[in-house]
Amino acid sequence: MLGAAPVPLSPVSGAQVTTDSPTFTVQNAQGFDMGQAQYTFEVVTQGKGTVVASMTVPAGLTTTAATFAVPRGMNLAWRATAQGSTGQVASATALFRMPAVACLPLGDGWAKAVVNVFLPFCPQMPNIYNDPADVLGPYDAGGFGPLNFFGFLSLGEEGHVTVDMEACATDAAGPDLRVFQAVGSEPVTVYAAGTATGPFVLLEADKRCGERINGNQTTRYCDFDLAAGEVQEARYFKIVDAERFPCEDAGTPSEGADIDAVRILRAGP
Ligand SMILES: [Ca+2]
Ligand SMILES: [Ca+2]
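The present account deals with the structure reproduced in this document. (Residues numbered from 1 in each chain as written. Chains lettered and ligands numbered in written order. Predicted model: local features only at pLDDT ≥ 70, side-chain atom pairs only at ≥ 80, totals over all residues. Heavy atoms only, no water.)

In this section: the coordination of the calcium ion (ligand 2). A four-donor tetrahedral metal ideally has 109.5 degree angles, and a six-donor octahedral metal ideally has angles of 90 or 180 degrees. Asp 134 (O), Asp 140 (OD), Gly 151 (O), Asp 260 (O) and Asp 260 (OD) make up the full set of protein donors to the calcium ion (ligand 2), lying at 2.4 Å. Residue Gly 151 is classed as buried on the basis of its relative accessible area of 8%. (Donors = N, O, S within 2.8 Å, 3.2 Å for Na, K, Ca; no water. Buried < 20%, exposed > 50% of the residue type's maximum accessible area, 1.4 Å probe, protein only.)

Next up, the structure:
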């Protein structure tokens, strides 16, 4: 006999999950069984209820299950909502924990590897600052524009770069990650993840990146707080251009945010 609402069966509330793509299973609700409904499974943060992963599947026989990737390094909850011809009905919410993020010891805190990069090609004015390795290690941009800068990666319109810090940034009071941006104050959007393939969770969008460093005329920075995304720990960060300067209007070979370096704050000297 099915109940009036779907019932979470697995993972049970309080479970420690052991895979990056858990299978979520509910007992179907009466009237929302196979052939009568579809079920949307949502994984949400425990604080603001932000959806960080979801999947919709047709109702199974008596029970319905969905398997999908979920971010590590967060305290999460899940629920399923059945949608049928008579309306919709949601399950209770069950708390669960994902596997811990695999982190190397925190050394100097600078980005160690590039795991993904996308740069737009603007034919009228191609980007000449296009070496992803320039975002690794300590900030070091310099030189003179427009043709003789060095040490940064220009993202261009909607460009992005994802770095592996190898160590983990963990949420402590105040900001936890610093992005160093050269030449101007172009804004960036930053996402965090516990695995290289994500899912990535938004920390902050469209943040102006222009805080000055004493005595440095080239490089500036902006800070990000894991708490903004309810992320407890993260190893991978995706930095997306938020200047959105149109590719077809490109007038310099360094359009968009110019990423010089990325660092975990509170790392050693
Ligand atoms: Ca923090
Ligand atoms: Ca650099």
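From this point, the narrative continues.
Asp 171 (OD), Ala 172 (O), Gly 174 (O), Asp 176 (OD), Asp 176 (OD) and Asp 225 (OD) make up the full set of protein donors to the calcium ion (ligand 1), lying at 2.2 to 2.8 Å. Coordination at the calcium ion (ligand 1) comes from six donor atoms whose angles at the metal span 49 to 172°, giving a geometry best classed as irregular. In primary-sequence terms, the residues that donate to the calcium ion (ligand 1) follow D-A-x1-G-x1-D-x48-D. Linking Asp 171 in the loop between strand 14 (160-170) and strand 15 (177-182) with Asp 225 in the loop between strand 19 (219-224) and strand 20 (233-241), this pair joins segments that are 54 residues apart in sequence. On the basis of relative accessibility, which here comes to 35%, the residue Asp 171 falls in the partly exposed class. (Tetrahedral: all angles 85-135°; square planar, octahedral: opposite > 155°, others 65-115°. Helix = DSSP H or I, 4+ residues; strand = E, 2+ residues; numbered from the N terminus.)

This part covers the sheet that holds strand 16 (residues 188-193). What the five strands build is an open sheet, ordered 10-14-20-16-17; its pairing is antiparallel. Each edge of the open sheet carries a strand with a single partner, namely strand 10 (113-118) and strand 17 (201-207). Between one strand and the next, the sheet's axes are offset by a mean angle of 25°, whatever the strand orientation. Looking at chain direction, strand 16 and strand 20 are connected through six bridges and run antiparallel. Bridge assignment links Tyr 191 to a residue of strand 20, and that residue is Lys 238. (Pairing = 2+ DSSP bridges. Axes fitted to C-alpha atoms, helices over the stretch in contact; angles between N-to-C directions.)

Next up on the list: the nonpolar core. Within the largest apolar cluster, 53 residues are counted, with the highest numbers of intra-cluster contacts made by Tyr 39, Phe 41, Val 43 and Phe 237. Per element, the largest residue contribution to this core is five residues, and it comes from strand 14. (Core = buried A, V, L, I, M, F, W, Y, C linked by side-chain atoms within 4.5 Å.)

The next point concerns the state of the cysteines. Throughout the structure, instances matching the rule amount to three disulfides. Disulfide partner of Cys 103: Cys 168, at an S-S distance of 2.0 Å. Between Cys 103 and Cys 168, the S-S torsion sits near -75°, and that sign places the bridge as left-handed. Remark: Cys 168 occurs in strand 14 and Cys 103 occurs in the loop between strand 9 (94-97) and strand 10; sequence separation between them is 65 residues. Classification of Cys 103 as partly exposed rests on a relative accessible area of 33%. For Cys 168, a relative accessible area of 9% gives the class buried. Ordinal numbering of bonded cysteines along the protein chain defines a disulfide pattern of 1-3, 2-6, 4-5. (Disulfide = S-S within 2.5 Å.)

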